[in-house]
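Coordinate inspection notes
Read off the chains here:
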Amino acid sequence: MTPDTLPGSPALDDRLARWVGLGAACAVLLLIVLFAGWAASLPGGLLAAVPAVSRFELREVAPGDPDGRGPGGRLVEARERLALPAFIRTDGDQSLHRAVFEIDLDPFIGPEDGFDPARDGDAATAHRPPAKSLVLSQAINGADIYLNGVWINGLAQSSARARFMWFRPLVVELPRKLLRRDGPNRITLEVNSWEPYFTIAPVLIGPADHAAYVAESIHFLCRTLANASRGFCLLAGLFMVGVWLANRSDPAFGLLGAASLIWAAVYTLSLWIYMPAGWRPAWLWAFYLCAGALNVLLIQFILRYIDQPLSRRALTTLVAISAGAATVWPFLGQVVEWDLDMFWIWVLVPFQAWAILRLARHAWRTRSSDAVLLLVVVLAAGALILHDYNVLMQLVRRAPREDDGTLMRLLTAPIYLTHLALPPLLIVMARVHLAKFRVSVEHVREANRILAEALRRREMELAVSHARQRDLERGEAAQEERERIYSELHDGIGSKLVRTIFSVRDGRLDRDQVERGLLDVLQGVREVISETDTTEHRPIQDILFDYGVDLDALLSAPDFQVSYDIENDRECVLLGGLSKEVMRIVEESVANTLKYARASRLNLSLRLDGDVLVVVVEDDGQSAAGPAPAVRPAFGTSTGQGLINMRERARRMGGEYRFERGPDGARSTLTLPLVAAVAAPRHEVVAPR
């Protein structure tokens, strides 16, 4: 597999998108071919249009007639002849209205369409199917249909207790036995309606089989596809809202999902067949509310798609205008229903036209196929919406002509077609947003790739830096270890060697004492190398006293005296290795006295001044005038490193070391602040502050 054919690669995604687009185009083309074939198969001219009805009366239903079947109350309008399609406005009150009118069948009925005893036999036993049928292209409000005074068909009508709206064709077969050979033959229709206007759709008449075919075609367009579109919008809306809930950073899916759900709700409310009459105000308010919300969401989606969202003030204005009908209706009711239905949509049109214009400018500027496709589908949906609005309000009417074929009469009939635009519009809106989302994903992938490359380089830099830092730390650790060993050898081992050499040269030690001294030096070297824990747990007074005793035994002579003064009122144990550090400073101070001071007296003292430990090493050497050669040249001259080491040791312990020279000798002083931690009956455990 090449990189371009791997799953998730941009090239494979592009080819997949092209195949999906090609498949969708083929599906649309197939539908167009099927529709053209269906249209071509229609028997043109075999269904005639009824040009007009006669004896039209529109009355209010009397309050004492709950079923609305009586002669009616107050007359609203009456006409001897009414051209079809007809649109009659009621007087705007909140009552149920009843319309009664007739259709003259004689111009459309021939002798062969009725019953002929000579041809058909006995009327009581002969059974011949009807030759002609009447088609009401939209039986919106239901109807009861009578042929020559005999009820032959109908759909449930509205009453004082219920409201029925069918929006479906009705086929009325004309039984041969009810048709009069010598006339007159009349169809009487009785229709009840709660609406503030009354619509009579075109009526067609012709052969029964062709009439059934046309009626089923209308039913497929008006009901079957409407229900399918409504279900599609519902499922797609739920899916898109779920996608938005999973990722709320992008509101476009939420807008599109909400628009789909509300669109499904609008069509559900529009095609609602039955409801109690008392529910109609709430139903109409919900319809106004959903229609306004749909207007806001669709405009918002279009403007977000072209990255030109509404300002807060413009959005507030749009919401206020779109919610106008739902806001006014609860207060004014049917007094303004006609005006809302007639004029409210025209208040919304400027906003919709403005959004479409901006979309068109965006498509022209970017030459984007997605933008062009969205623009075409939006314009088609707008045209179908205006068509359905015209069906409802009959602003522009076209009477069928004699030369119209069945297809033309069907397409010009007042049937609702907006639902045909719902799935394509929803698919295109989802596609353009997914395309935009895909571009964002590609940008994120590119940013991630750049970030990963930068991270890889940074990791390499950090690895090199870590290696360098590790080498530096190793060098520093080695240097610290060298300094530690030097300090231990200089301050501890060196002072022991000086002491031993000083005693040997003066002849004060026998062989066993020299051996013990050298073994002590050897043990000290081992401790320095192995870093054995040599923490002292004895009081510092005992440690310094033992050191003074040993020093006195090794060095005291007629010309050199060792004395010590150890205060023992309060004994203290120094924590950690502090005892060792204190003794290193004492040993180095003693070694300096032996090497450089030319002293005859050495004194060690320890006292506690409150919480401060003070250790003093002093001699009577004659070195106040400046540096002097050593008493014993074998030791060499001072390098000054010993004083630096002692000051550093004191600083690490939190104390202070001072070396002072005077006319009467030299004085080394260590002051170490102490903090009491645990008080025992005999010992006081202290630590540096």
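Residues numbered from 1 in each chain as written. Predicted model: local features only at pLDDT ≥ 70, side-chain atom pairs only at ≥ 80, totals over all residues. Heavy atoms only, no water.

In this section: the overall build of the protein. Scanning the protein from N- to C-terminus turns up 15 helices and 21 strands. Taken across its 689 residues, the protein has 43% of its residues classed as buried. Across the protein, every contact between residues at least 6 apart in sequence was considered, and the portion connecting residues at least 24 apart equals 76%. (Helix = DSSP H or I, 4+ residues; strand = E, 2+ residues; numbered from the N terminus. Buried < 20%, exposed > 50% of the residue type's maximum accessible area, 1.4 Å probe, protein only. Contact = heavy atoms within 4.5 Å.)

Further remarks concern the packing of helix α14 (residues 578-596) against helix α15 (residues 641-653). One can describe the packing of α14 onto α15 by two numbers: an axis separation of 10 Å at closest approach and a directional angle of 160 degrees. Here α14 lies roughly antiparallel to α15, going by the angle between them. Crossing geometry of α14 relative to α15 is assigned as left-handed. Of the residues in α15, those in contact with Leu-578, Glu-581, Val-582, Arg-584, Ile-585, Glu-588, Ser-589 and Asn-592 of α14 are Gly-642, Leu-643, Met-646, Arg-649, Ala-650, Arg-652 and Met-653. Of the residues contributing to the contact of α14 with α15, the split by class is seven nonpolar, three polar and five charged. (Axes fitted to C-alpha atoms, helices over the stretch in contact; angles between N-to-C directions. Parallel < 35°, antiparallel > 145°, perpendicular 65-115°, else oblique. Left-handed = near helix turned anticlockwise from the far one by under 90°. Nonpolar A, V, L, I, M, F, W, Y, C, P; charged D, E, K, R; others polar.)

So, on to the confidence of the model for the protein. For the protein, mean pLDDT is 78; residues scoring 70 or higher make up 76% of the total. Looking across the protein, the model is least confident in strand β21 (residues 684-688), with a mean pLDDT of 44, and most confident in strand β5 (residues 97-104), with 94. Long-range and interchain partners of residues 1-8, a stretch whose pLDDT sits below 50, account for 13 contacts in this model, where long-range means more than four residues apart. Low pLDDT (under 50) marks residues 623-637, which in the prediction has 23 contacts with non-local residues, meaning those over four places away or in another chain. (pLDDT = per-residue confidence, 0-100.)

Within the element layout of this structure, Arg-59 appears in strand β2 (residues 52-60). We classify Arg-59 as partly exposed; its relative accessible area is 22%. Sequence separation between Arg-59 and Gly-72 is 13 residues; the distance between their C-alpha atoms is 5.7 Å. In this structure Arg-59 touches Pro-71, Gly-72, Gly-73, Arg-74, Leu-75, Val-76, Leu-96, His-97 and Arg-98, once residues within four positions along its chain are discounted. Among the polar contacts made by the side chain of Arg-59, one reaches the side chain of Glu-57 at a distance of 3.3 Å. (Polar contact = N/O pair within 3.5 Å; in protein donor to acceptor, adjacent residues only side chain to side chain.)

Turning our eyes to something else, we now look at the environment of Ser-137. Assignment of secondary structure puts Ser-137 in the loop between β6 (132-136) and β7 (143-147). Owing to a relative accessible area of 2%, Ser-137 belongs among the buried residues under this scheme. Among the polar contacts made by the side chain of Ser-137, one reaches the main-chain carbonyl oxygen of Pro-202 at a distance of 2.9 Å.

What follows is about the pattern of salt bridges. Applying the stated criterion to the full structure yields 24 salt bridges. In this structure, Glu-442 and Arg-445 form a salt bridge, with 3.4 Å as the shortest nitrogen-oxygen distance. Here the residue Glu-442 and the residue Arg-445 both occupy positions in helix α11 (residues 422-505), the gap between them amounting to three residues, near one helical turn. By relative accessible area, Glu-442 is classed as partly exposed at 25%. In this structure Arg-445 comes out as partly exposed when scored by relative accessible area, which is 38%. Where Arg-652 meets Glu-581, a salt bridge forms, and the shortest distance between an N and an O atom there is 3.8 Å. Separated by 71 residues along the polypeptide, Arg-652 in helix α15 and Glu-581 in helix α14 bring together distant segments of the chain. For Arg-652, a relative accessible area of 52% translates into the label exposed. In this structure, a network of salt bridges that share partners links the residues Arg-55, Glu-102 and Arg-186. (Salt bridge = Lys/Arg side-chain N within 4 Å of Asp/Glu carboxyl O.)

What follows is about the nonpolar core. Counting residues in each nonpolar core, the largest one holds 61 residues, and the members touching the most others are Tyr-288, Leu-374 and Leu-425. Those elements that provide at least two residues to this core are α3 (208-246), α4 (252-270), α5 (280-305), α7 (324-332), α8 (337-366), α9 (369-393) and α11. In terms of residue count, α5 provides more of this core than any other element does, 13 residues in total. Here Tyr-288 is in contact with Ala-325, Ala-326, Trp-329, Glu-337, Leu-340, Asp-341 and Trp-344, once residues within four sequence places are set aside. Counting residues in each nonpolar core, the second largest holds 36 residues, with Val-53, Leu-82, Phe-108 and Ala-162 among its members. (Core = buried A, V, L, I, M, F, W, Y, C linked by side-chain atoms within 4.5 Å.)

Right, let's get into the packing of aromatic side chains. Evaluation of the coordinates by the stated rule reveals ten aromatic pairs. Relative to Phe-101, the ring of Phe-56 has its centre 6.2 Å away and its plane inclined at 35 degrees; by these criteria the two rings are tilted. Of the two residues, Phe-56 is situated in strand β2 and Phe-101 in strand β5; the sequence distance between them amounts to 45 residues. A relative accessible area of 3% means that Phe-101 is categorised as buried. Among the aromatic residues, those joined into a cluster by ring pairs are Trp-283, Phe-287, Tyr-288, Trp-329 and Trp-344. The ring centre of Trp-283 lies 4.3 Å from the NZ or CZ of Arg-163, which sits over that ring. A cation over a ring is seen here: Arg-367 above Trp-364, with NZ or CZ 4.3 Å from the ring centre. (Phe/Tyr/Trp six-rings, centres within 6.5 Å; stacked < 30°, edge-to-face > 60°. Lys NZ or Arg CZ within 6 Å of the ring centre and 35° of its normal.)

With that settled, consider a nonpolar patch on the surface. The grouping of Phe-343, Trp-346, Leu-386, Leu-395 and Val-396 at the surface amounts to a nonpolar patch, some 500 Å² of accessible area in total. Topologically, Leu-395 is positioned in the loop between α9 and α10 (406-411). (Patch = residues over 30% accessible without salt bridge, like charges linked within 9 Å, V, L, I, M, F, W, Y side chains within 5 Å. Areas by Shrake-Rupley, 256 points an atom, 1.4 Å probe, with all protein chains shown as cover.)

You can see Ser-217 is positioned in helix α3. Along the sequence, Ser-217 and Pro-169 sit 48 residues apart, while their C-alpha atoms lie 9.4 Å from each other.

Right, let's talk about the sheet that holds strand β13 (residues 203-207) for a bit. If you walk across this open sheet you meet the four strands as β1-β13-β6-β10, and the pairing is antiparallel. Two strands lie at the open edges of the sheet, namely β1 (48-49) and β10 (170-173), each paired on one side alone. As defined by bridge partners, β6 adjoins β13 across five bridges and the pair is classed as antiparallel. Considered in β13, the bridge of Ser-133 is made with Gly-206. The strands touched by α3 within the sheet are β6, β10 and β13, with β13 carrying the most contacts at an inclination of about 135 degrees. (Pairing = 2+ DSSP bridges.)

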